[in-house]
Amino acid sequence: MARPLRIQYPGALYHVTNRGNERKAIFKDDADRSEFLQILSQSINTYGVIVHSFVLMDNHWHILAQTPLGNLGEFMRHFNITYTSHYNRRHNRVGHLYQGRYKSFLIELDSYLSKVSRYIHLNPVHAAGRKRMEAKKRLQYLFDYKWSSLPGYAALSRRWDFVEHGTVLAEYGGDTAAGRRKYRSRITEDLTTGLTIRDQIV
């Protein structure tokens, strides 16, 4: 059976995710995570992609990305191959790193951008062992989690320079101290009420 074609067009917005083969770790340590983000930054510059949010977990990652040039496939091919080559070389291994093709979900910019961003940022407390943490500790864990764009949505000093924050924060009054506080408050609400996006993406 032929693979379904990706939907690509200039300006398209995607929730992109990929998982390690057999659900195994794709990051052994922080050196791998740092290299992953460096490769992501280089790929963004090469292919003119905009990243609004991201999170790295042990065996998977999520990225909220926009493609002004309509070139998600080219961007992801370069990005995935480059990181896989790094990982295999550093850890003296061969073969596939990921569990098949990456998944990309088309998102409506005006309706669901903020919701998907928040869903991505909540991932660290969805991991086993953290769901039972009290709400205050879970919130603190989220905003202390280094391998996410969320800390940069709360404090300018904790931003990754390749993340574009203004589009998401526009819904909260803009990239201002007040807007960042409102985004943090919404994340706090999501921890209590829960957040699902499964029925709101294509």
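Residues numbered from 1 in each chain as written. Predicted model: local features only at pLDDT ≥ 70, side-chain atom pairs only at ≥ 80, totals over all residues. Heavy atoms only, no water.

Novice: Break down the pairing of strand E3 (residues 60–67) for me, with residues and values.
Specialist: Remember that side chains alternate between the two faces of the sheet whenever the strand is regular. With eight of its eight residues buried, E3 lies for the most part within the structure. Both faces of E3 are covered, namely the face carrying His60, His62, Leu64 and Gln66 and the face carrying Trp61, Ile63, Ala65 and Thr67. Pairing between strand E1 (residues 12–19) and E3: eight bridges, direction antiparallel. Among the inter-strand pairings, His15 is bridged to a residue of E3, identified as Leu64. Between the antiparallel neighbours strand E2 (residues 50–56) and E3 lie three residues. (Buried < 20%, exposed > 50% of the residue type's maximum accessible area, 1.4 Å probe, protein only. Helix = DSSP H or I, 4+ residues; strand = E, 2+ residues; numbered from the N terminus. Pairing = 2+ DSSP bridges.)

Novice: For the environment of Val168, give the residues involved together with the corresponding values.
Specialist: As for its placement among the helices and strands, Val168 is situated in helix H6 (residues 166–169). Overall, Val168 belongs to the buried group, its relative accessible area being 0%. It is 28 Å that separates the C-alpha atoms of Val168 and Thr82, two residues lying 86 residues apart in sequence. Those residues in contact with Val168 that sit more than four places away from it in its chain are His52, Leu113, Ser114, Ser117, Tyr153 and Tyr183. (Contact = heavy atoms within 4.5 Å.)

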